[in-house]
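The residues making up each chain are set out below.
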Amino acid sequence: MMVDFKELATAAEKVEGAFQTLLKTYEKLPETLCRCDSIGICCVSLPEMTALEALLWICTITQLPSDERISLLRKFVSFYLTNPVRRPGCPFLSEGSCGIYERRPFACRAYGLWSPETGDEQTQANRENQKTFVQMWEQFGVSIPAESLINEMDYCRQVSTVASTPISDEDLLHVLEEVYLLSAPVADVQQSFENAYQSDFSFLIASLMLGQKKAFLGKYAVVKEIVNNGTETRLDKFLKAVSPDAWSLDFPEIF
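Since we're looking at a predicted model, the values are computed, not measured.

Core analysis: the biggest nonpolar cluster contains 73 residues, and Ile205 and Trp247 have the highest contact counts within it. Here this core takes 9 residues from helix α3 (residues 51–62), the largest share from any one element. If sequence neighbours within four positions are ignored, tryptophan 247 has contacts with Phe5, Ile58, Ile61, Thr62, Arg69, Leu73, Ile205, Leu208 and Met209.

Encoded structure:
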């Protein structure tokens, strides 16, 4: 089921009061410090998120000035169309800093807080997922060279809590459940986001700007051209189609 602008506007009205609750729920996670010398390197991929978290991002994008909004939308579309051969990092990332730090989703906040055992499991899952994606592209007749792949980094061990009090995996799961349940008023959007878009925010944005079918087929065409020819003609064409007029949402200020 495709999610359109009208459905998003209706959903945002239903959960407007839940945005503050979501941010309050995030406060149950401990404040963290990163000891990494390469701040922002973990933002190579987009996090999975709930429908409510996606709506918060959409409201944030809508409230940007037109020129900033269109630039950001093109980054999201480019991120989707060129993955997995090119991955410049989360479009909200700017000079190693998160542009929406206070509105980052649970997955970003919990990164580095899981136990070493769970962290290792997530690292292994990322490796297996990458193998699956490579095999999928091979079925489409596109052999992605190893040097073109952007490898997921190992789970970070450089995150610590400010209060030096670790949080258990069980507590993290409890907070995650609370975050997930906040999307209950828009269960239909949550289901579509999970099933039709695989909880991929960049796919949702690309579909809104280009149409879901065009975005899906366009990804195949763009990746194939990059891998086989080393050119970006199709990518440039798609990005030019991302015009200011294509974003037809007008949300009121939510904070």
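Scanning the model with the defined rule gives 11 aromatic pairs in all. Arranged with centres 4.9 Å apart and planes meeting at 75 degrees, the rings of tryptophan 57 and phenylalanine 92 form a pair that is edge-to-face. Here tryptophan 57, found in helix α3, pairs with phenylalanine 92, found in the loop between α4 (66–82) and β2 (93–94); they are 35 residues apart in sequence, far enough to count as distant. As far as burial versus exposure is concerned, tryptophan 57 and phenylalanine 92 are alike and both buried. Both rings, one in phenylalanine 140 and one in tyrosine 220, keep their centres 6.1 Å apart while their planes meet at 75 degrees; by these two values the pair is edge-to-face. With phenylalanine 140 in the loop between α6 (116–139) and β4 (159–161) and tyrosine 220 in helix α10 (residues 212–229), this residue pair connects regions lying 80 residues apart in the sequence. Take phenylalanine 140: its relative accessible area is 41%, and that puts it in the partly exposed class. Residue classification places tyrosine 220 among the partly exposed residues on the basis of a relative accessible area of 29%. By the ring-pair criterion, three or more aromatic residues cluster together here, those being Trp57, Phe76, Phe92 and Phe201. Here the basic side chain of arginine 104 rests over the ring of tyrosine 101, its NZ or CZ set 3.7 Å away from the ring centre. Sitting over the face of the ring of tyrosine 80, lysine 219 holds its NZ or CZ atom 4.5 Å from the ring centroid.

What follows deals with a nonpolar patch on the surface. Side chains of Phe140, Phe216 and Leu217 sit close together on the surface and give an oily, nonpolar patch of about 300 Å² of accessible area. As for its placement among the helices and strands, leucine 217 is situated in helix α10. Under the relative-accessibility criterion, leucine 217 is labelled partly exposed at 47%.

Below, the discussion takes up the packing of α10 against helix α11 (residues 233–240). Axis separation between α10 and α11 bottoms out at 8 Å; the angle between their running directions is 145 degrees. Two secondary-structure elements touch here, α10 through Lys214, Gly218, Ala221, Val222 and Glu225 and α11 through Thr233, Arg234, Leu235 and Phe238. Considering only residue class, the contact of α10 with α11 consists of 4 nonpolar, 2 polar and 3 charged.

In this section: α3. Helix length check: α3, at 12 residues, gives a terminal C-alpha distance of 16 Å against a target of 16 Å (1.5 Å per residue), a fit within 8%. Buried residues dominate α3, accounting for 12 of its 12 residues. What α3 keeps buried is the set Ala51, Leu52, Glu53, Ala54, Leu55, Leu56, Trp57, Ile58, Cys59, Thr60, Ile61 and Thr62.

Let's shift gears to the pattern of salt bridges. Across all of its chains, the model carries 3 salt bridges by this definition. Between glutamate 232 and arginine 86 there is a salt bridge whose closest N-O contact spans 1.8 Å. Separated by 146 residues along the polypeptide, glutamate 232 in the loop between α10 and α11 and arginine 86 in the loop between α4 and β2 bring together distant segments of the chain.

The next point concerns the side chain of arginine 104. Residue position: arginine 104 is located in the loop between β3 (97–98) and α5 (106–110). In this structure, arginine 104 is buried with no salt-bridge partner, the nearest side chain bearing the opposite charge being glutamate 102 at 5.4 Å. One polar contact links the side chain of arginine 104 to the main-chain carbonyl oxygen of tyrosine 101, over a distance of 2.7 Å.

With that settled, consider a positive patch on the surface. On the surface, a cluster of positive charge is made up of Lys214, Lys224, Arg234 and Lys237. For the positive patch, the elements supplying multiple residues, two or more each, are α10 and α11. You can call lysine 224 partly exposed: its relative accessible area is 33%.

What counts and how
Residues numbered from 1 in each chain as written. Predicted model: local features only at pLDDT ≥ 70, side-chain atom pairs only at ≥ 80, totals over all residues. Heavy atoms only, no water. Core = buried A, V, L, I, M, F, W, Y, C linked by side-chain atoms within 4.5 Å. Buried < 20%, exposed > 50% of the residue type's maximum accessible area, 1.4 Å probe, protein only. Helix = DSSP H or I, 4+ residues; strand = E, 2+ residues; numbered from the N terminus. Contact = heavy atoms within 4.5 Å. Phe/Tyr/Trp six-rings, centres within 6.5 Å; stacked < 30°, edge-to-face > 60°. Lys NZ or Arg CZ within 6 Å of the ring centre and 35° of its normal. Patch = residues over 30% accessible without salt bridge, like charges linked within 9 Å, V, L, I, M, F, W, Y side chains within 5 Å. Areas by Shrake-Rupley, 256 points an atom, 1.4 Å probe, with all protein chains shown as cover. Salt bridge = Lys/Arg side-chain N within 4 Å of Asp/Glu carboxyl O. Axes fitted to C-alpha atoms, helices over the stretch in contact; angles between N-to-C directions. Nonpolar A, V, L, I, M, F, W, Y, C, P; charged D, E, K, R; others polar. Expected span 1.5 Å × (residues − 1). Lys, Arg positive; Asp, Glu negative; His and termini not counted. Polar contact = N/O pair within 3.5 Å; in protein donor to acceptor, adjacent residues only side chain to side chain. Charge placed at Lys NZ, Arg CZ, Asp CG, Glu CD.

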